[in-house]
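Examination of the molecular architecture
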Amino acid sequence: MNATSFPRGWELLLAMAGALAAMAGTTAAFVTHDHAWRYLVVAGCLAQFVGWTLHGRRLRGGAR
């Protein structure tokens, strides 16, 4: 496994912040039964998607 297979910088920040936001939103939705927390879950998943997509583009040699 080479060093370029791990996310770094903004990619890692987006993926980890997205994961934390999605977990926090899921927990808050179950605890409070308020449907507004679903937006935080969606935003967290979107941030994760963007982070991993940028990471994959860098691995494939795409433009920065």
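Preceding block: the structure.
Residues numbered from 1 in each chain as written. Predicted model: local features only at pLDDT ≥ 70, side-chain atom pairs only at ≥ 80, totals over all residues. Heavy atoms only, no water.

1. Here's the deal with the overall build of the chain
Across its full length, the chain carries two helices and zero strands. Within the chain, the fraction of its 64 residues that count as buried is 22%. Residue pairs in contact within the chain that sit at least 24 positions apart in sequence constitute 67% of those at least 6 positions apart. Surface accessibility of the chain: about 4,800 Å² in total, with carbon and sulfur atoms responsible for 73%. (Helix = DSSP H or I, 4+ residues; strand = E, 2+ residues; numbered from the N terminus. Buried < 20%, exposed > 50% of the residue type's maximum accessible area, 1.4 Å probe, protein only. Contact = heavy atoms within 4.5 Å. Areas by Shrake-Rupley, 256 points an atom, 1.4 Å probe, with all protein chains shown as cover.)

2. Quick look at the environment of A47
Its place among the elements puts A47 in helix α2 (residues 38-59). For the pair A47 and M16, spaced 31 residues apart in the sequence, the C-alpha separation amounts to 8.7 Å. Not counting chain neighbours up to four residues away, the residues in contact with A47 comprise L14, A15 and G18.

3. Quick look at unusual backbone geometry
The phi torsion at H33 lies on the positive side, around 60°, for a residue other than glycine. Residue placement: H33 occurs in the loop between α1 (9-32) and α2. Owing to a relative accessible area of 63%, H33 belongs among the exposed residues under this scheme.

4. A look at the environment of E11
The residue E11 is located in helix α1 in this model. Residues E11 and G51, 40 residues apart in the sequence, show an inter-C-alpha distance of 4.4 Å.

5. Re α1
An ideal rise of 1.5 Å per residue puts 34 Å on 24 residues; α1 measures up with 34 Å between its terminal C-alpha atoms. Turning to α1, its buried residues number three or more, namely E11, A15, G18, A19, A21, A22, G25 and A28. Of the residues flanking the end of α1, it is H33, one or two places downstream, whose phi is positive at about 60°. (Expected span 1.5 Å × (residues − 1).)

6. Quick look at a nonpolar patch on the surface
Together, L12, M16 and W52 line one region of the surface with nonpolar side chains, adding up to about 280 Å² of accessible area. Its place among the elements puts L12 in helix α1. (Patch = residues over 30% accessible without salt bridge, like charges linked within 9 Å, V, L, I, M, F, W, Y side chains within 5 Å. Salt bridge = Lys/Arg side-chain N within 4 Å of Asp/Glu carboxyl O.)

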